[in-house]
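# Coordinates in review
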Amino acid sequence: MHLWQSTSASYHTACSTRWYLASGKVLFDLVCTHLNLVEGDYFGLEYEDHNKMTVRPKHTVLRFVVKFFPPDHAQLLEELTRYLFALQIKHDLACGRLTCNDSSAALLVSHVIQSEIGDFEESQSRQHLLNNSYIPEQMALMDKIMEFHSKNVGQTPAESDYQLLEVARRLEMYGVRLHPAKDREGSKLSLSVSHTGVLVFQGHTKINAFNWSKVRKLSFKRKRFLIKLRPDLNSSYQDTLEFLMGSRDCCKVFWKICVEYHAFFRLFEEPKPKPKPVLFTRGSSFRFSGRTQKQVIDYVKDSEFKKIAFDRYRLGCLSGSFLSPPLICLSVPSTGLASDSPHLSASSGNSQGMVNGQKPVQLFGHSPDGRQPSPLTSPLLNDAGSVRTDDEDEVRRKRFPTDRAYFIAKELLTTERTYLKDLEVVTSFQDAVGKDEATPEPLKSTIFSHFDPLYKFHSGFLREVEQRLALWEGRSNAHIKGDYQRIGDVMLKNLQGLKPLMAHLQKHSEALVELEKACRASRRLEVLVRDFELQKVCYIPLNVFILRPLHRLTHYKQILERLCKHYPATHVDFRDSRAALADVSEVVAQLQAGMIKMENVQKLLELKKDLIGVDNLVTPGREFIRLGCLSKLSGKGLQQRMFFLFNDVLLYTSRGMTATNQFKVHGQLPLHGMTIRESEDEWGVPHAFTLVGQHQSVVVAASSLSEMEKWMEDIKMAIDLAGSSNGPTSDLLASSLTDNKSPTEDSCQEAESEDDLAASRTSLERQAPHRGNTTVHVCWHRNTTVSMVDFSVAVENQLSGNLLRKFKNSNGWQKLWVVFTNFSLFFYKTHQDDYPLASLPLLGYSVTIPTESENIHKDYVFKLHFKSHVYYFRSESEYTFERWMEVIRSATVSASHRRSRKESHLY
């Protein structure tokens, strides 16, 4: 089997006879597995030679092609899927199937060569166009192509693919596959089908369209294709339209494609097959088989996939082979590899078993026990060696101490291991930027002078804690005397040793400020930082790692507070623990005010990466308060928007049409002079409230009563603060955006123009690519909200350690090293691993204790569930169980109502 001409893939089975008897779907699933393709439902297999497609000769050539073209490529959630769509567009351009005017063709080709050779360099670009043919009569458009290419500087291949699809989807022939036909008068026409309905073309000009909502029935009789319309008094058409096609087979093929398009784009779920009649059959039994588009989108959104980078050059961008669509050359017997559909031999069917290619290739696509693998699972996490038996667990419990103080000390050990790994990330960043000439000297001296001493100190501290825990657990004879069953003395000694480093900790915030200044001044350094953040070791934003030493002091304070609360006053470790608590409390009090300010700056810098259309988000005096999803009432009805509340302005955004899925600002509401009122009765929308500003009024609705109360409470507080303080001006947005729009005007501006090809060149801002699982994106997908108080609580409640994990339908328990931070669980095989194997964002999840009906007959088990996703986690003691429940609840339950405004110094 050859894919994209430049690569090949061979699929072998244990029994060649079974391969000969396999259906086309089996082959299709194997191809999706080979490509690690999650959204395979948009694709299918097609006979290359349609003249021989019914003969099924011994050597058959099939193509892997796009089968369903969605109206908006933002609905394609995976970069690999968009890349395969881009390959299809390139092929359609080259063979003349996708026709357009010269400007559009030149613009399309400019994005193609940008993805292949990178930024514009005149001689290289010209030579590349001379060596490769992308469109018919390319020489005449070479200068225009190069002009457009010069404007694409900075675009990554993924961004170029996105822009290619953005331009292509606006073209009239996008996704159109013409089927020759004639009308009743014998005029030559062509029929096609799209997500909207059946289309009629004369040449390459669309002359009519029959929307699915107007079509009552599609049928065929011999060579006649019939469209039965719903009665319409305002229409001049007959109730039944008739088209004559070349043969009955051609007619049936087009009818099947129409049935599949209608089901894929219009239905919520796969149609159920009709029961077979006992005696006589009437009509075709053909039905769409596979997931609908809604099911595909919901599946990908709801599943926590571990993203796997793909090699686009391996898939076919070498030596000009991008002009060919995905090609599969098969040598198969004539026993019916392809399905009954002559054009598309296999729909994608139920491809959820092929999650990012993690599942082993099997002939019929099922695991041995018939269950689909969890989207959170990776091959390393599924290693049988990590499964721990119950007997081993019981033996360990009997051998190790059960005192609560021991588990408090063990929490110090496990979190110190994670903290040291986080410091290693910063030191590796030093190595990455320290050797580069673009790094200014102030930044080098700030980071190097502050982090190196801390890393050395905490390396020694970790060794002492590990040694003390080894003695405590009885791995030597020292435990007999009881001298080492304590930890307060170790903490007191090292916290006193940390005092000389206070100067470094007090200047720690300078590293964050210096890094931001340097990135603004140097494009090269900004790229270096972006590339470093995309590495696996940098599992959270870099500026969070920079603030880790300040947060770690708070964790020491909490651990010592729990120790002092547990110990009686007469305990041998009580005095040292109390003295250590006094020392660390003094340090935390000195750094508290600066820490709160830097947490706010860090959050503003992180939001800046998620927003498009904001010029000066990070300004002195601006404080972040809350972000989350609300439904905004406009001329189109209720539309999902992401709102960002600051102490001077409220922004509302939607997820932008960019490869990085950033949020585009649609408007701003200054808080000075604003009023807010409940308006559920006024508009008849549950949980609605109205924001009345000086120039604009906006009606929004929350998803629940509690969400509405949180928003209204914080907005009222922010309005009071804006009215009583001289904070920053709320002139945030670029001059091209205005905020005095009526709801109708707003909806019109947000609507997309079908013909605005120029907009597609500028709609993709030159923003750095970033992860799609940031807090903002999780809130968007799960329709929830988070406040700055929640972020502060999450920072205080970081935790790490070993847990046993079990899926809903699995039997064994897996031992994993789990780290909780930034509202997410990160999963490692062991604590020595440098980067997580998978992650689970917790916003929207609920944490409970399993019920009797779930048959989890183990101690210290808690359950995480969100919609159909259920995970069980098992801890080793009552203390660790309570701690995991506490920290996870801090991420799944809003902390806004658990703190007063005085306690959160943020407001």
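Computed from a predicted model, the values in this text were never measured in an experiment.

Okay, the overall build of the protein chain next. Helices and strands together make up the secondary structure of the protein chain, namely 27 helices and 29 strands. Residues counted as buried form 54% of the 907 residues belonging to the protein chain. In the protein chain, the proportion of contacts linking residues at least 24 apart, taken out of those at least 6 apart, comes to 67%. Carbon and sulfur atoms make up 50% of the accessible area of the protein chain, which totals about 40,900 Å².

This brings us to the sheet that holds strand β28 (residues 861–866). Within the open sheet, the seven strands sit side by side as β26-β25-β24-β23-β29-β28-β27. Their pairing is antiparallel. Two strands close off the open sheet at either side, each with one partner strand: β26 (838–841) and β27 (846–848). Adjacent strand axes in the sheet meet at a mean angle of 35°, parallel and antiparallel pairs treated alike. Alignment of β28 against strand β29 (residues 869–874), held across six bridges, turns out to be antiparallel. Bridge pairing in β29 places His865 opposite Val870.

In terms of nonpolar packing, the biggest core is built from 85 residues, with Phe225 and Ile227 touching the most fellow members. Ranked by the residues each element gives to this core, the list is headed by helix α8 (residues 248–266), at ten residues. Not counting residues up to four positions away in its chain, the partners in contact with Ile227 are Val198, Phe210, Val215, Lys217, Leu218, Asp239, Thr240, Leu241 and Phe243. Listed in part, the 71 residues of the second largest apolar core include Leu412, Leu469, Leu591 and Met595.

Take the pattern of salt bridges next. Counted by the stated rule, this structure contains 39 salt bridges. Among the salt bridges present, the one from Arg404 reaches Glu882, with a minimum N-O distance of 3.3 Å. Remark: Glu882 occurs in helix α27 (residues 878–892) and Arg404 occurs in helix α12 (residues 404–434); sequence separation between them is 478 residues. Relative accessible area serves as the criterion here: at 34%, Glu882 is assigned to the partly exposed category. Between Lys863 and Glu854 there is a salt bridge, with its nearest N and O atoms 2.8 Å apart. Just as Lys863 is buried, Glu854 falls in that class too. Taken together, the salt bridges that share partners define one network made up of Glu411, Arg562, Arg883 and Glu886.

Our focus in this paragraph is the packing of aromatic side chains. As enumerated under the stated definition, the model contains 32 aromatic pairs in all. Measuring from centroid to centroid gives 6.0 Å for Tyr42 and Phe85, while their planes differ by 75°, and the two rings are edge-to-face. In this pair, Tyr42 is assigned in the loop between α2 (24–35) and β3 (43–47) and Phe85 in helix α3 (residues 79–94), connecting sequence segments 43 residues apart. Ring geometry for Phe827 versus Phe873: centroids 6.0 Å apart, planes at 10°, classification stacked. Residue Phe827 is found in strand β25 (residues 824–828), and its partner Phe873 is found in strand β29; the two are separated by 46 residues along the sequence. Both residues of the pair, Phe827 and Phe873, count as buried. Pairwise contacts between aromatic rings join Phe28, Tyr42, Phe43, Phe64, Phe68, Phe69, Phe85, Tyr174, Tyr261, Phe264 and Phe265 into one cluster. Arg626 extends its terminal NZ or CZ atom over the ring of Trp711, reaching a point 6.0 Å from the ring centre.

Now for the sheet that holds strand β9 (residues 215–221). If you walk across this open sheet you meet the seven strands as β8-β7-β6-β5-β11-β10-β9, and the pairing is antiparallel. Edge positions in the sheet fall to β8 (205–211) and β9, since each of these pairs with one other strand and no more. Averaged over all pairs of adjacent strands, the angle between strand axes in this sheet comes to 35°, irrespective of strand direction. As paired elements, strand β7 (residues 197–202) and β8 share six bridges and run antiparallel to each other. Its bridge partner lying in β8, Val200 is registered against Asn208.

Bringing the packing of helix α14 (residues 488–498) against helix α19 (residues 548–566) into the picture now. Interaxial distance between α14 and α19 falls to 13 Å at its minimum, and their mutual angle equals 155°. Taken together, the axis directions place α14 and α19 in an arrangement best described as roughly antiparallel. As α14 packs across α19, the resulting crossing turns out to be left-handed. Contacts between α14 and α19 pair Met491, Leu495 and Leu498 from the former with Leu553, Tyr556 and Leu560 from the latter. When the residues that make up the contact of α14 with α19 are grouped by side-chain class, the tally is six nonpolar, no polar and no charged.

Okay, the packing of helix α5 (residues 122–131) against helix α6 (residues 142–150) next. It is at 11 Å that the axes of α5 and α6 come closest, and there the two elements cross at 135°. In terms of their interaxial angle, α5 and α6 are classed as oblique. For α5 against α6, the interelement crossing comes out right-handed. Between α5 and α6, the contacting residues are Glu122, Ser125, Arg126, Leu129 and Leu130 on the first element and Met142, Asp143, Ile145, Met146 and His149 on the second.

Let us now look at α3. Over its 16 residues, α3 extends 23 Å from the first C-alpha to the last, a length consistent with the 22 Å expected when each residue adds 1.5 Å. Taken from the residues just after α3, Gly96 is the one with a positive phi, measuring 85°.

On to the environment of Met885. Note on placement: Met885 falls in helix α27. On the basis of relative accessibility, which here comes to 4%, the residue Met885 falls in the buried class. Each C-alpha atom, one on Met885 and one on Ile849, is 9.5 Å from the other, the two residues being 36 residues apart in sequence.

Judged from the six bridges that link them, β9 and strand β10 (residues 224–229) form a sheet pairing that is antiparallel. Looking at β10, one finds that Leu218 is bridged to Ile227. Hairpin connection of β9 to β10: two residues between the antiparallel strands, including Arg222 at a positive phi of 55°.

Looking now at helix α26 (residues 788–796). Summarising burial for α26: eight of the nine residues are buried, a large majority. Taken residue by residue, α26 has Met788, Val789, Asp790, Phe791, Ser792, Val793, Ala794 and Val795 as its buried positions.

Inspection of the secondary structure puts Leu542 in helix α18 (residues 542–546). Of the residues examined, Leu542 reaches a relative accessible area of 1% and is grouped as buried. Distance from Leu542 to Phe429, taken between C-alpha atoms, is 9.0 Å for residues 113 residues apart in sequence. Those residues in contact with Leu542 that sit more than four places away from it in its chain are Phe429, Leu515, Val529, Phe532 and Glu533.

Another aspect to go through is a positive patch on the surface. A cluster of basic side chains, namely Arg216, Lys217, Lys228 and Arg230, defines a positive patch on the protein surface. Relative to the elements of secondary structure, Arg216 occurs in strand β9.

Another point: a negative patch on the surface. Judged by side-chain charge, Glu678, Glu680, Asp681, Glu709 and Glu713 come together as a negatively charged surface patch. For the negative patch, the secondary structure elements donating two or more residues are α21 (680–683) and α22 (705–724). With respect to the secondary-structure elements, Glu709 resides in helix α22. Looking at Glu709, the relative accessible area reads 41%, which means it is partly exposed.

In this section: the side chain of Arg548. Here Arg548 lies in helix α19. Judged by its relative accessible area of 4%, Arg548 is buried. Beyond its immediate chain neighbours, meaning those up to four positions away, Arg548 contacts Tyr419, Asp422, Tyr539, Ile540, Gln798 and Thr821.

On to the confidence of the model for the protein chain, then. Taken over all residues, the pLDDT of the protein chain has a mean of 77, while the share at 70 or more is 74%. Model confidence for the protein chain, summarised as mean pLDDT per element, is weakest for helix α24 (residues 759–762) at 34 and strongest for β25 at 93. Confidence drops under pLDDT 50 across residues 317–392; counting only partners more than four residues distant or on other chains, this segment forms 221 contacts. The low-confidence segment residues 734–771 (pLDDT under 50) makes 79 contacts with residues lying over four places distant or belonging to another chain.

Thresholds, definitions, all that
- Residues numbered from 1 in each chain as written.
- Predicted model: local features only at pLDDT ≥ 70, side-chain atom pairs only at ≥ 80, totals over all residues.
- Heavy atoms only, no water.
- Helix = DSSP H or I, 4+ residues; strand = E, 2+ residues; numbered from the N terminus.
- Buried < 20%, exposed > 50% of the residue type's maximum accessible area, 1.4 Å probe, protein only.
- Contact = heavy atoms within 4.5 Å.
- Areas by Shrake-Rupley, 256 points an atom, 1.4 Å probe, with all protein chains shown as cover.
- Pairing = 2+ DSSP bridges.
- Axes fitted to C-alpha atoms, helices over the stretch in contact; angles between N-to-C directions.
- Core = buried A, V, L, I, M, F, W, Y, C linked by side-chain atoms within 4.5 Å.
- Salt bridge = Lys/Arg side-chain N within 4 Å of Asp/Glu carboxyl O.
- Phe/Tyr/Trp six-rings, centres within 6.5 Å; stacked < 30°, edge-to-face > 60°.
- Lys NZ or Arg CZ within 6 Å of the ring centre and 35° of its normal.
- Parallel < 35°, antiparallel > 145°, perpendicular 65-115°, else oblique.
- Left-handed = near helix turned anticlockwise from the far one by under 90°.
- Nonpolar A, V, L, I, M, F, W, Y, C, P; charged D, E, K, R; others polar.
- Expected span 1.5 Å × (residues − 1).
- Patch = residues over 30% accessible without salt bridge, like charges linked within 9 Å, V, L, I, M, F, W, Y side chains within 5 Å.
- Lys, Arg positive; Asp, Glu negative; His and termini not counted.
- Charge placed at Lys NZ, Arg CZ, Asp CG, Glu CD.
- pLDDT = per-residue confidence, 0-100.

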